[in-house]
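Structural overview
Listed below are the residues making up each chain.
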Amino acid sequence: MLVLVVDSSTPAVIAALVEISGEGVALRAERCTVDARAHGELLAPQVDAVLAEAGARPADLAAIVAGLGPGPFTGLRVGLVTAAAMGQVLGIPTYGVCSLDGIGYPVAAGEPVLAASDARRRELYWAVYDGAGQRIAGPNVDLPTEAAARARDLGVTVAVGDGAHRYADVLGLPVQVEPRYPAPDALARLAAERIRSGAPTELLTPLYLRRPDAVAAAGRKSVLP
């Protein structure tokens with residue numbers, strides 16, 4: 001089965017085509033461009049590019065997997081809206097995976113790992129994974145010092161992700177080079193059982209974790225004296 005994977009929860013705009021079989025998950029094509037201000041402009045062309053590279057058409061897709069975040073509002077919405085719209089038009093199921101899982105899960109190797117992405121405002125989106133890649137804390141949004149303290153409590157020995165690189169001095173942990181952003185083949189692996197079993201399509205609910213900066217006015221001020 002050919003499956004499209006998209007993620008726009010971080011500055012990286014990611015589209016990939018994977019093949020899921022009984023034997024596993026194989027990456028067929030991938031595009032990743034790091035540009036925090038161009039998610040809307042980049043994602044659709046990258047979807048077209050991975051399909052073309054694999055010699056596939058949208059009609060060949062069996063499902064779509066989307067990273068649910070956490071991530072900033074504007075960028076994260078791009079990937080989720082794209083996945084939901086394509087799923088509806090093509091009549092195929094959509095499945096969501098926490099984007100931090102796509103960073104922490106591939107690194108699991110017997111010891112707890114901290115996966116972190118940049119939440120702006122000098123904060124981190126973070127989660128902790130055990131040695132088997134299961135999430136045991138998070139996702140949360142906190143100051144790096146708070147994430148570091150929680151990671152120490154859970155016995156974390158290594159950190160990974162763009163946020164870990166940015167705040168390595170505060171976290172006080174060795175930082176693994178890759179993956180810096182969600183790995184699309186890992187996102188696909190985490191959804192593979194649902195896809196193979198033909199599980200019902202899922203509502204792609206974003207993990208924002210905090211309120212938007214812009215909110216509707218509570219009321220109108222009178223201009224009369």
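Residues numbered from 1 in each chain as written. Predicted model: local features only at pLDDT ≥ 70, side-chain atom pairs only at ≥ 80, totals over all residues. Heavy atoms only, no water.

1. Concerning the overall build of the protein
Each helix and strand in the protein was counted, giving 7 helices and 9 strands. Taken against the 2.2 N^0.38 rule, which gives 17 Å for 225 residues, the C-alpha radius of gyration of the protein at 18 Å falls within 12% of a compact globule. Projected onto the principal axes, the alpha-carbon positions of the protein cover approximately 60 × 60 × 30 Å. Considering the protein as a whole, with its 225 residues, one finds that 48% of them fall into the buried category. A separation threshold of at least 6 residues defines the contact pool for the protein, and within that pool the share at least 24 residues apart is 62%. Accessible surface computed for the protein: about 10,900 Å², of which carbon and sulfur atoms make up 53%. (Helix = DSSP H or I, 4+ residues; strand = E, 2+ residues; numbered from the N terminus. Rg over C-alpha atoms; globule rule 2.2 N^0.38 Å. Buried < 20%, exposed > 50% of the residue type's maximum accessible area, 1.4 Å probe, protein only. Contact = heavy atoms within 4.5 Å. Areas by Shrake-Rupley, 256 points an atom, 1.4 Å probe, with all protein chains shown as cover.)

2. What to know about helix H7 (residues 184–196)
Taking 1.5 Å per residue as the helical rise, H7 with its 13 residues ought to reach 18 Å, and the 17 Å between its terminal C-alpha atoms agrees with that figure. At leucine 190, H7 shows its largest bend, some 45°. When H7 is considered as a whole, its buried residues turn out to be Pro184, Ala186, Leu187, Ala188, Ala191, Ala192 and Ile195. Packed against the buried residues of H7 are strand E1 (2–7), strand E2 (12–20), strand E3 (25–34), strand E4 (61–67), strand E5 (94–97) and helix H3 (101–104). (Expected span 1.5 Å × (residues − 1). Bend = angle between axes of the 7 residues up to and from the residue.)

3. Describing unusual backbone geometry
Looking along the chain, the bond that leaves glycine 69 and enters proline 70 is cis, with omega of 15°. Relative to the helices and strands, proline 70 is located in the loop between E4 and helix H2 (73–90). The peptide bond linking glutamate 178 to proline 179 adopts the cis configuration, its omega dihedral lying at -5°. Even without being a glycine, arginine 121 presents a positive backbone phi close to 50°. Take arginine 121: its relative accessible area is 47%, and that puts it in the partly exposed class.

4. Some details on the confidence of the model for the protein
Summary statistics for the protein give a mean pLDDT of 94 and a share of 93% for residues scoring 70 or more. Scored below 50 in pLDDT, residues 213–217 shows 1 contact in the model against residues more than four places distant or in partner chains. (pLDDT = per-residue confidence, 0-100.)

5. Regarding the nonpolar core
Counting residues in hydrophobic clusters, the biggest one holds 24 residues, and the most contacted among them are Leu4, Val6, Leu17, Leu43, Val47 and Leu61. Of all elements in the fold, only E1, E2, helix H1 (39–53), E4 and H2 reach the threshold of two or more residues within this core. (Core = buried A, V, L, I, M, F, W, Y, C linked by side-chain atoms within 4.5 Å.)

6. Some thoughts on the side chain of glutamine 46
Among the secondary structure elements, glutamine 46 is positioned in helix H1. A distance of 2.6 Å separates a polar atom in the side chain of glutamine 46 from a polar atom in the side chain of threonine 33. In contact with glutamine 46, not counting residues within four places along its chain, are Val13, Ile14, Ala15, Arg31, Cys32 and Thr33. (Polar contact = N/O pair within 3.5 Å; in protein donor to acceptor, adjacent residues only side chain to side chain.)

7. Here we look at the pairing of strand E6 (residues 113–118)
Where burial is concerned, most of E6 is hidden: 6 out of the 6 residues are buried. As judged from the 6 bridges shared by E6 and strand E7 (residues 124–129), these two strands associate in the antiparallel manner. Its bridge partner lying in E7, alanine 116 is registered against tryptophan 126. What sits between E6 and E7 in their antiparallel hairpin is a turn of 5 residues, with arginine 120 showing a positive phi close to 60°. Two elements, E6 and strand E9 (residues 158–160), share 3 bridges in a ladder whose sense is parallel. For valine 113, the partnering residue across the bridge sits in E9 and is valine 158. (Pairing = 2+ DSSP bridges.)

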